[in-house]
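Fold and geometry: a report
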Amino acid sequence: MTEQQPAAAQEFPPTLREVMLRGRWIGVLLLCLVIAGVFAWLGQWQLARAIDTDPPPPGATEQVRPLSDVIEPGQYLPEPLGGQKVTTSGEWIAEDFIVISSRFNGDDEEGYWVTGQLRVTDRTSLAVALGWAPTREQADAAADALARQDAADVELTGRLIDDEGVELPPADDIHALTRMSPAALLSQWHDVDRLDVYRPYLASLTAPAGLVDIDSPAPEEKSPVNWLNVFYAAEWAIFAGFAFYLWYRLAKDAWEREVEAFEDARA
């Protein structure tokens, strides 16, 4: 009898699991784990800042506080303190009552503000919006009357409001102002050498004679949740998941190429 030869071993292409367990792809997985961990940490960091765990109590801005207890000269106004009622005292600089145009009061009525430099200490000043007037003539008359007053200490109560920023003046009047900006007012004030200035301005609650009280309602109560930060945190979580998907996709592409090469070799 003729001795029967053993059957040749049948070859099979690698499985996806076998490819994923190779050292190369284990290394890529570890790298993706590190990247996903960084993304997860960033998402946690963003989420921690999305929720204010110590929000100011309701009505905190309506409690009148001394200016020096709220902010120091040169500091930016923190968001929770926008519109905070404060009280301060000082002396007006007679030459620095300046009119600002394009100011709306009440029912969207356009007019003018009269502003002044209040010297709260020897070398520290605060920009103050004193009141509103419907016409430029009335605003100029009120500013002139204030400039003629005898120098004396004044007590003021108003709301702290952030700088509105600087805008280029019109070409026909380079000194015209349309925004309430202490930085812009500083460029027109007198006696400013080595002067410290508060970054926000004070909107006085009571206008002097000849002007109308500035309409300055209490700021709206804000939610303690910052939804933009929550959205960013969700984005980081998606990026972390994408790192694992990228590893899976790369490994699967390598496996598909090997299977295709195996089938081509057999054909």
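As shown above, the structure is provided for reference.
So, a few notes on the structure that sits alongside this text. (Residues numbered from 1 in each chain as written. Predicted model: local features only at pLDDT ≥ 70, side-chain atom pairs only at ≥ 80, totals over all residues. Heavy atoms only, no water.)

Looking at the nonpolar core
What counts here: In this description, a nonpolar core means a group of buried Ala, Val, Leu, Ile, Met, Phe, Trp, Tyr and Cys residues linked to one another through side-chain atoms lying within 4.5 Å. Remark: exposure states derive from per-residue accessible area (1.4 Å probe, protein chains only) relative to the maximum for the residue type, with buried under 20%, exposed over 50%, and partly exposed in between. A run of H or I in DSSP counts as a helix once it spans at least four residues, and a run of E counts as a strand once it spans at least two, with each numbered from the N terminus. Contacts were defined at the residue level, with two residues in contact if any of their heavy atoms lie within 4.5 Å.
Among the nonpolar cores identified, the biggest contains 26 residues, and Leu 67, Ile 71, Trp 92, Val 114, Leu 126, Val 128 and Leu 160 are the most heavily contacted of them. For this core, the elements supplying multiple residues, two or more each, are helix H3 (67–70), strand S2 (85–92), strand S4 (109–121), strand S5 (124–133), helix H4 (136–148) and strand S6 (153–161). Aside from chain neighbours lying at most four places away, what touches Val 114 is Ile 98, Val 99, Val 128, Ala 129, Leu 130, Gly 131, Ala 139, Ala 142, Ala 143, Leu 146 and Leu 211.

Let's talk about the pattern of salt bridges
Let me state the cut-off plainly: Any Lys or Arg side-chain nitrogen located within 4 Å of an Asp or Glu carboxyl oxygen qualifies as a salt bridge.
Summed over all chains, the structure comprises nine salt bridges. Residue Glu 62 pairs with Lys 85 through a salt bridge whose shortest N-O separation is 3.6 Å. In this pair, Glu 62 is assigned in the loop between helix H2 (23–48) and strand S1 (65–66) and Lys 85 in strand S2, connecting sequence segments 23 residues apart. Residue Glu 62 is classed as partly exposed on the basis of its relative accessible area of 29%. Across the pair Glu 256 and Arg 249 runs a salt bridge whose closest N-O atoms are separated by 3.8 Å. In this structure Glu 256 comes out as partly exposed when scored by relative accessible area, which is 35%. Judged by relative accessible area, which is 26%, Arg 249 ranks as partly exposed. Beyond isolated ion pairs, a larger network of salt bridges with shared partners links Glu 62, Lys 85 and Arg 159.

Thoughts on the environment of Glu 155
By the element assignment, Glu 155 lies in strand S6. Through-space distance from the C-alpha of Glu 155 to that of Thr 88 is 6.0 Å; in sequence the pair is 67 residues apart. When near neighbours in sequence (up to four residues on either side) are disregarded, Glu 155 contacts Thr 87, Thr 88 and Ser 89.

Let's talk about the packing of aromatic side chains
Condition: Pairing of aromatic side chains here covers Phe, Tyr and the six-membered ring of Trp, requires ring centres within 6.5 Å, and sorts the geometry by plane angle: under 30 degrees stacked, over 60 edge-to-face, intermediate tilted.
Applying the stated rule across the entire model yields seven aromatic pairs. On the numbers, 5.6 Å between centres and 80° between planes, the contact of Trp 236 with Phe 239 is edge-to-face. Here Trp 236 pairs with Phe 239, and both are found in helix H6 (residues 227–266), just three residues apart, close to one helical turn. According to the relative accessible area criterion, Phe 239 is partly exposed, its value standing at 39%. Aromatic ring contacts, followed pair by pair, group Phe 39, Trp 236 and Phe 239 into a single cluster.

A look at a negative patch on the surface
For the record, the criterion: A residue counts toward a patch only above 30% relative accessible area and without a salt bridge, and it is joined to like-charged neighbours within 9 Å or, for Val, Leu, Ile, Met, Phe, Trp and Tyr, to nonpolar neighbours within 5 Å. The Shrake-Rupley method, run with a 1.4 Å probe sphere, supplies the accessible areas, and residue values consider only the shown protein chains as cover. Neither His nor the chain termini are counted; the positive set is Lys and Arg, and the negative set is Asp and Glu. To locate a charge, take NZ of a lysine, CZ of an arginine, CG of an aspartate or CD of a glutamate.
On the surface, a cluster of negative charge is contributed by Asp 107, Asp 108, Glu 109 and Asp 215. Summarising the element assignment, Glu 109 is placed in strand S4.

Topic: the pairing of S5
On a regular strand, one side chain projects to one face of the sheet and the next to the other, so that they alternate. Just so we agree on the cut-off: Strand pairing is assigned whenever DSSP identifies at least 2 bridges connecting the two strands.
Taking burial as the measure, the 10 residues of S5 include 10 buried ones, the bulk of the element. The sheet contact formed by S4 and S5 spans nine bridges and is antiparallel. Looking across to S5, one finds that Gly 116 is bridged to Val 128. In sequence, S4 turns back onto S5 through a hairpin of two residues. Judged from the two bridges that link them, S5 and strand S8 (residues 201–204) form a sheet pairing that is parallel. Residue pairing for S8: Ala 129 is matched across the bridge by Ala 203.

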